[in-house]
Amino acid sequence: MSAFERALAEPGPRPLPPEVVAVLRRVDAPPRLVAHLRLVHDVAAQLLDWLAEAAPGLVVDRAAVLFGAATHDIGKAVHRRELSEPGSAHEATGADLLRDHGDLARFAATHGQWERPDATAEELLVTLADKVWKGKRVDGLEQRVAALLGGGREPWEAFLVLDDELTRVAEDADARLAFQAAFPVD
Ligand SMILES: [Fe+2]
């Protein structure tokens, strides 16, 4: 089995949606990228499940968040150096690779820009999943997500509730980093 197929099938994070797997095949995604997208997609699904309980009044396009998490870095199939070095060339390229997916392509372009005042709940959640999978905590981003929770909570209260969940998710960060690192960049 190729490293690409192993990255798709290795037990661990939940499987990627079939329409995303098709795109990853088309762009010949590197195995490490596939592993990364599985991890962020899995964390996004955990956050959505938690939100459904913790913030039942919050309307979120679940399918869009899952698609966005599963594709956000797809431009790194082209800009492969950005798998191991910082860079943002993958963002516009990623949106272009997903142009057949209409509005869902936006996550590839926006996942690095959570500070935009008009970032949507869906965009904030994709970016949050892309941080907390490896245990990275970003105060300003978390404040914006906490503000979505509603339910009559005070801002500090919402922040603490979110913090509990993110602390729980981050506990598995080392195992996720090891999973991702086990797959080659090429
Ligand atoms: Fe990412």
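Look a little higher up for the structure.
Note that this is a predicted model, so its numbers are computed, not measured. (Residues numbered from 1 in each chain as written. Predicted model: local features only at pLDDT ≥ 70, side-chain atom pairs only at ≥ 80, totals over all residues. Heavy atoms only, no water.)

Draft legend 1. The pattern of salt bridges, seen in detail. For the structure on display, the rule yields 13 salt bridges. Measuring nitrogen to oxygen at the nearest pair gives 3.3 Å for the salt bridge that ties Glu123 to Arg106. One end of the pair, Glu123, is in helix 7 (residues 121-132); the other, Arg106, is in helix 6 (residues 106-110), and 17 residues separate them in sequence. On the basis of relative accessible area, Arg106 is assigned to the partly exposed category, the value being 21%. Across the pair Arg116 and Asp118 runs a salt bridge whose closest N-O atoms are separated by 3.2 Å. A relative accessible area of 53% places Asp118 in the exposed class. One salt-bridge network, in which partners are shared between bridges, spans Asp103, Arg106, Arg116, Asp118 and Glu123. (Salt bridge = Lys/Arg side-chain N within 4 Å of Asp/Glu carboxyl O. Helix = DSSP H or I, 4+ residues; strand = E, 2+ residues; numbered from the N terminus. Buried < 20%, exposed > 50% of the residue type's maximum accessible area, 1.4 Å probe, protein only.)

Draft legend 2. Main features of the coordination of the iron ion. Note on the iron ion: its protein donors are His36 (NE2), His72 (NE2), Asp73 (OD) and Asp130 (OD). The metal-donor distances range over 2.2 to 2.3 Å. Seen from the iron ion, its 4 donor atoms lie at angles of 88 to 175°, and the figure they make is irregular. Within one chain, the residues serving as donors to the iron ion are arranged as H-x35-H-D-x56-D. Taken together, the residues span a long stretch of sequence, with His72 in the loop between helix 4 (62-71) and helix 5 (89-97) and Asp130 in helix 7 at a distance of 58 residues. Owing to a relative accessible area of 15%, Asp130 belongs among the buried residues under this scheme. (Donors = N, O, S within 2.8 Å, 3.2 Å for Na, K, Ca; no water. Tetrahedral: all angles 85-135°; square planar, octahedral: opposite > 155°, others 65-115°.)

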